[in-house]
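Architecture and fold: a report
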Amino acid sequence: MRKIALLSLFTMIILAGVMAQEKITSDKPLPIMAWAGIPAGEMNAERFRELKEMGINVNLSNYPNAEAMQQALDLAQQVGIRMVTSCPELKTEPEKTARRFMNHPALAGYYLLDEPVRKDFAELGDWAKRIETVDSKHFCFVNLIASIHTTKTEALGTATYAEYVSTFAREVPSQLLSFDFYPVLVDGIHERWYEGLEIFSAEARKLDKPFWAFALACSYNELHPIPTIPALRLQLYSNLAYGAQGLEYWPYWMPDLRTSPIALDGKRTVVYDRIKAVNKEIQDLAGVFVGSKVVSVSHTGVVIPRGTSRLSTLPRAIKVFETEGSGALVSILENGANSFFVVVNRDLNKSLPITILGDESLKRVLKDGSIVKASIYANTTEIEPGDIAVYLISN
């Protein structure tokens, strides 16, 4: 009887091993930052846990003084998120303030300025250098202007948007780059968005710096609708397909705007749960994106976005790839021993039919990070509006 029991147990262990699903994993989560996070008057552990529950692991809030900033850092440490510091003393006494916070476990970096123009770079560079003389471990954070006018940038003080980005990187010490662009409009996708992503991603690669990019978390005027899950997916997955190594939401809690995740009365809106759901998806795929390098980015469709390139070649493991409808963003990312063929549906309203046929080595990465043979799925499938499909190719 004992032998039978042992044999049964051994059989169950073997079956469990066979049935266990291989997964793509990451040693580190993808940084996901909330701008305009918890205000000073609402700071408590419950509010910080609520922020983390939405899937945020980095918070940026402006606080009225260093004491309030200290309190925010302590609460962030308590719940397990990090803070980008922002308080007046960081500008008036940068060295002293950096010394105060540099060893705090919850410190992620130091916020300097949002959307500077060319004339601001010298002052920003001096400020960042003063902080770096004390603390070179944590990043100084500046968010750059959107690339709406990529070839008409008199307001930026440079001849082109690419020059704006490269000049900033040359004059302001920065461990990472960031820019914003809110492309989802009531009447469609902004025609300059992908062109801007092309430029920013290319400049970041030239500079060998990681970049972070945004998704809009509110309807801040009549041009922008309340964010839907397809709209959030399209922005975030497009950023990741272009090589973003961090994601940002603007804003988390700003009562003068329409339908941010936390409303004027301090209660959650429908956007809170939508962002929470998409953040969970993204972290399940962190093993695809964290530390990845862009090999190529291209597009399919009868008409491709301005400033982008049409898909012309496929990885050796993929024999056939076709899309219908309005087309897709197609990215090849390299990450360690694997390459990933990433397909994003650019349409916010319709599913995208795709046909993909590969050799026996081609695998599919499911939304929970599980890895399966691509051949177990039909050659023709669909990607939901704004959503993603990921295929793994072993190097």
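Everything that follows concerns the structure shown earlier in this document.
Residues numbered from 1 in each chain as written. Predicted model: local features only at pLDDT ≥ 70, side-chain atom pairs only at ≥ 80, totals over all residues. Heavy atoms only, no water.

The biggest cluster of nonpolar side chains holds 97 residues, and the ones touching the most others in it are F48, Y63, F179, F211, Y249, Y252 and I282. Per-element accounting of this core gives the leading share, eight residues, to helix α3 (residues 66-79). Setting aside residues up to four positions removed in sequence, Y252 forms contacts with A34, W35, A36, G37, I38, E50, L51, M54, S260, P261, I262 and Y272. (Core = buried A, V, L, I, M, F, W, Y, C linked by side-chain atoms within 4.5 Å. Buried < 20%, exposed > 50% of the residue type's maximum accessible area, 1.4 Å probe, protein only. Helix = DSSP H or I, 4+ residues; strand = E, 2+ residues; numbered from the N terminus. Contact = heavy atoms within 4.5 Å.)

Looking now at the sheet that holds strand β16 (residues 363-365). Pairing within the open sheet is antiparallel, and its six strands lie in the order β11-β13-β14-β19-β16-β17. The sheet terminates laterally at β11 (293-299) and β17 (371-373), the two strands that pair on one side only. When strand polarity is set aside, the average angle formed by the axes of neighbouring strands in this sheet is 25°. Note that strand β13 (residues 328-335) and strand β14 (residues 338-345) share eight bridges and pair antiparallel. Looking at β14, one finds that N335 is bridged to N338. (Pairing = 2+ DSSP bridges. Axes fitted to C-alpha atoms, helices over the stretch in contact; angles between N-to-C directions.)

Within a regular beta strand, the side chains point alternately toward one face of the sheet and then the other, so they alternate between its two faces. With respect to burial, strand β5 (residues 139-143) is a largely interior element, five of its five residues being buried. The side-chain alternation of β5 yields two buried faces, one formed by F139, F141 and N143 and the other by C140 and V142. Strand direction decides the pairing type here: strand β4 (residues 107-114) and β5, joined by five bridges, are parallel. If you follow L113 over to β5, its bridge partner there is V142. Assessed by its sense of winding, the connection that carries the chain from β4 through helix α6 (residues 121-134) to β5 is right-handed. (Right-handed = clockwise from strand over helix to strand, strands pointing away.)

Time to look at the environment of N44. Relative to the helices and strands, N44 is located in the loop between β1 (32-35) and α2 (45-53). Residues N44 and G291 lie 247 residues apart in sequence; the distance between their C-alpha atoms is 33 Å. Reaching out from N44, the side chain makes a polar contact with the backbone nitrogen of E46 at a distance of 3.1 Å. Polar side-chain contacts of N44 include one of 2.8 Å to the backbone nitrogen of R47. (Polar contact = N/O pair within 3.5 Å; in protein donor to acceptor, adjacent residues only side chain to side chain.)

Another aspect to go through is the pairing of strand β10 (residues 246-250). Among the five residues that make up β10, five are buried, leaving the element largely enclosed by the rest of the structure. Of the two faces of β10, both are covered, the one formed by G246, E248 and W250 as well as the one formed by L247 and Y249. Here three bridges tie β1 to β10, and the two strands are oriented parallel to one another. Among the inter-strand pairings, M33 is bridged to a residue of β10, identified as E248. Viewed along the sheet, the connection from strand β9 (residues 211-216) through helix α9 (residues 229-241) into β10 turns out right-handed.

Direction vectors running N to C along α9 and helix α10 (residues 270-284) enclose 35°, while the axes themselves pass 10 Å from each other. Judged by the twist between their axes, the crossing of α9 over α10 is right-handed. In contact with I229, L232, R233, L236, Y237 and L240 of α9, α10 contributes R274, I275, A277, V278, E281 and I282. A breakdown of the residues in the contact of α9 with α10 according to their chemical character gives nine nonpolar, no polar and three charged. (Left-handed = near helix turned anticlockwise from the far one by under 90°. Nonpolar A, V, L, I, M, F, W, Y, C, P; charged D, E, K, R; others polar.)

Strand order in this open sheet of eight strands is β5-β4-β3-β2-β1-β10-β9-β6, and the pairing throughout is parallel. Either end of the sheet is taken by a strand with one partner, and the two such strands are β5 and β6 (177-179). Mean inter-strand twist for the sheet, computed between neighbouring axes without regard to direction, equals 30°. Judged from the five bridges that link them, β9 and β10 form a sheet pairing that is parallel. The residue bridging F214 from the neighbouring strand is E248, located in β10.

Here D387 lies in the loop between β18 (380-383) and β19 (388-394). In this structure the side chain of D387 is engaged in a polar contact, spanning 2.8 Å, whose partner is the side chain of K367.

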